[in-house]
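Coordinates in review
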Amino acid sequence: EDGCCIHKAVVSTQSTGDQAGKDRVCGEEWLVSKTGAYLPGAYEQVVGTISAYILTENIALHLEALQSFKDRFGIARKSGEQWLITIKESEAFIPDVNEKVVQVVPISTLTNRQYCIVLDPMGEDGKNRLGQRKLVKGDKSFFLQPGERLEAGIQDVHILGDDEALILKAVLGYEENGVRREPGHMWMVRGPCEFIPSIEMEIIDRRKAMPLDENEGIYVRDIKSGKVRAVVGQTYVLNQDEELWEKNLPEQIEKLLSSEIDPLADRNARSQGSAKSRQKHKVVTYRVPHNAAAQIYDYKAKRARVVFGPDLVMLAPDEHFTQLSLSGGKPKRPNCIRSLCLLLGPDFMTDIITVETSDHARLALQLSYNWHFEYNLAADSASYQADASALFAVPDFVGDACKALASRIRGAVAAVPFDDFHRNSARIIRSSVFGLDDNMKVKGSFKFNANRLVITNVDIQSVEPVDQRTRDSLQKSVQLAIEITTNSQEATARHEAERLEQEAKGRLERQKIDDEAEAEKARTELLKLQSMSAAVESTGQAKAEAQSRAESQKIEGQAAVEQAQLKAEAQNIEASSELKRINDARAGELEYVKATNTLEIEKAKEMASIETSKFQNMVTTLGAENIAKIATSGHDNQLAMLQALGLQSTLITDGSTPLNLFNTAKGFVGALEDK
């Protein structure tokens, strides 16, 4: 009833004929498909019941022939042959005894943004083309034929932006847009675009543009020539013949570059700090701090360049840093401080050296040397490169300088006994380091010409004997010196106290004499003041009365002046108020007259407009022809009346308007003469 028949497979145990009358051989299997009940014969055996496969638009059957036969559609099938049954052939399918269902094949659907590549596609003759490929673009739905398979499944269309590109490689020779592509040829397709690779090519890589700041860069290697270059400060996309190149540096330099230690602030640090991983294809950068220099050597060009800070160093592919291994600690030990930059100073370094005097006293001196490098950075200086390279001429300038200075100091101290050295240690050490000039004075500095290092000062921080005998002798000498100094200071203090006492007595006597003189001067001044007071007392009363009268008259005069000023101000205010009132009244009157005139003008305009409209309406109503006839009706009537009377010429007046008969008569005579 639902269009699906039940089929029974029967086997014959011996040669016989079936119910349809067809001869069957023993062991032969066949399919019985009909509606209704089926009763197997005596020599038939039911092998099984097979249900039909319901096929839809999304499902197909993959069949295989077990032996050569002709299927129900009349197509001859060979043993092992495979084919596909879809809904176009049958909506419900029952496999024959000579057919085997390999699998149920789902439909493959591609959108308009997808594509796929079919391997070993089936040709028009129904056979697979082994080793070939077929490109299928969406929007499309299809079934994979037997033997076909997808390469990498269903893939999305490659959508490239402005900063993206695809590296392609030709696997087959073909021609595109007039360009011949040979197998193995590589090229690049840039965005923005949508790209679907053909079967003659394959996608090697998808690359994205790398935006680089002016202080950023990458190393790019040409895979054809092997040449490596640095690309800095631009947005760059690797082409088909380029790849990122990784620059390898020595492990110690990698640690120095990735450490967080400040070369200037943490210059005495021994640990390297925490290291960060570096992207080796990016251009190696290093920030040279202020008042420092870094040397970079180009192994390809075989030359070095020096960069002075503050600046940013960007290494070329063949350039490497010059690593500094400096001595450190007290006393100095080699290879304690590693750095990529050379600090130019001023700075100091401390060292502990052991010296021996001429009387075999061994002393440990802790000395601090102030130093700086002397160089010339003038751009037009001919010795610029020489000065810059000379700074790095000595790999360990700290150890070299400390050894040289210690040697000079040991030589100078070995020539003097302990007592002389103890009293003049500073002068002996400074003269041994800096030397003496022609005037036998200690020079101000000492310069190492090899690397332009200048020592400007020596600070003796401590002097300690090494052996116990020297220490005891130094202690006795110090105690004796202290006693001598103490006694000398006591005597000096006693003499100073006596001197101060005598000076105090002399100042006291002098002060008494000065006080008596001052007392006499004060008595004289008192008498003068008493006489002046008596004179003032006699003249004071008269002077006071005169002054009071003068003040009274002055006050009265000032009051009169102020009263006159107030009256003038009052009159001025009254006049101003009256003037303002008159101005306001006149302004109001002018505004009134102006408004009245404006109304009259508007009224006249409106009346003129009304009269104009009235006249226009009358003219429009009467019409131009009627008005013309009315205007000429009087003359026309007179003309008609004169013509009726037979008059050729006439003159009609109103009796009040004067006429020029002379001109009129002349006109008449002229008219007669013309006739």
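Residues numbered from 1 in each chain as written. Predicted model: local features only at pLDDT ≥ 70, side-chain atom pairs only at ≥ 80, totals over all residues. Heavy atoms only, no water.

**Here's the deal with a nonpolar patch on the surface**
- Together, Tyr53, Ile59 and Val104 make up an exposed nonpolar region whose accessible area comes to about 220 Å².
- Among the secondary structure elements, Ile59 is positioned in strand β7 (residues 59–65). (Patch = residues over 30% accessible without salt bridge, like charges linked within 9 Å, V, L, I, M, F, W, Y side chains within 5 Å. Areas by Shrake-Rupley, 256 points an atom, 1.4 Å probe, with all protein chains shown as cover. Salt bridge = Lys/Arg side-chain N within 4 Å of Asp/Glu carboxyl O. Helix = DSSP H or I, 4+ residues; strand = E, 2+ residues; numbered from the N terminus.)

**Notes on the layout of surface pockets**
- Roughly 460 Å³ of volume is contained in the second largest pocket.
- If you trace the second largest pocket, you find 21 residues lining it, with Leu84, Phe142, Phe143, Gln145 and Glu148 closest to the centre.
- When residues of the lining of the second largest pocket are traced back to their parent elements, those giving at least two are β10 (82–85), β15 (133–137) and β16 (140–142).
- Residue composition of the lining of the second largest pocket, grouped by class: nine nonpolar, six polar and six charged. (1 Å grid on protein atoms, 1.4 Å probe; cavity = no way out; pocket = protein on both sides within 12 Å on 5 of 7 lines; lining within 4 Å. Points joined across faces, edges and corners; volume = space filled by probe spheres on them. Nonpolar A, V, L, I, M, F, W, Y, C, P; charged D, E, K, R; others polar.)

**Concerning helix α3 (residues 397–413)**
- Counted at 1.5 Å a residue, the expected span for α3 with its 17 residues is 24 Å, and the 24 Å between its end C-alpha atoms agrees.
- Within the sequence span of α3, burial applies to Phe397, Val398, Gly399, Ala401, Cys402, Leu405, Ala406, Ile409 and Val413. (Expected span 1.5 Å × (residues − 1). Buried < 20%, exposed > 50% of the residue type's maximum accessible area, 1.4 Å probe, protein only.)

**Some points on the environment of Asp311**
- Along the chain, Asp311 falls in strand β32 (residues 311–314).
- Taking the C-alpha atoms as reference points, Asp311 and His290, 21 residues apart in sequence, are found 8.0 Å from one another.
- The residues contacting Asp311, other than those within four sequence positions of it, are Tyr286, Arg287 and Val288. (Contact = heavy atoms within 4.5 Å.)

**A look at the side chain of Glu164**
- Mapped onto the secondary structure, Glu164 falls in strand β20 (residues 164–170).
- Accessibility expressed as a relative area gives 18% for Glu164, which makes it buried.
- From its side chain, Glu164 meets the backbone nitrogen of Gly161 in a polar contact 2.9 Å long.
- What Glu164 contacts, discounting residues up to four positions off in sequence, is Ile159, Val189, Arg190, Gly191, Arg206, Arg207 and Lys208. (Polar contact = N/O pair within 3.5 Å; in protein donor to acceptor, adjacent residues only side chain to side chain.)

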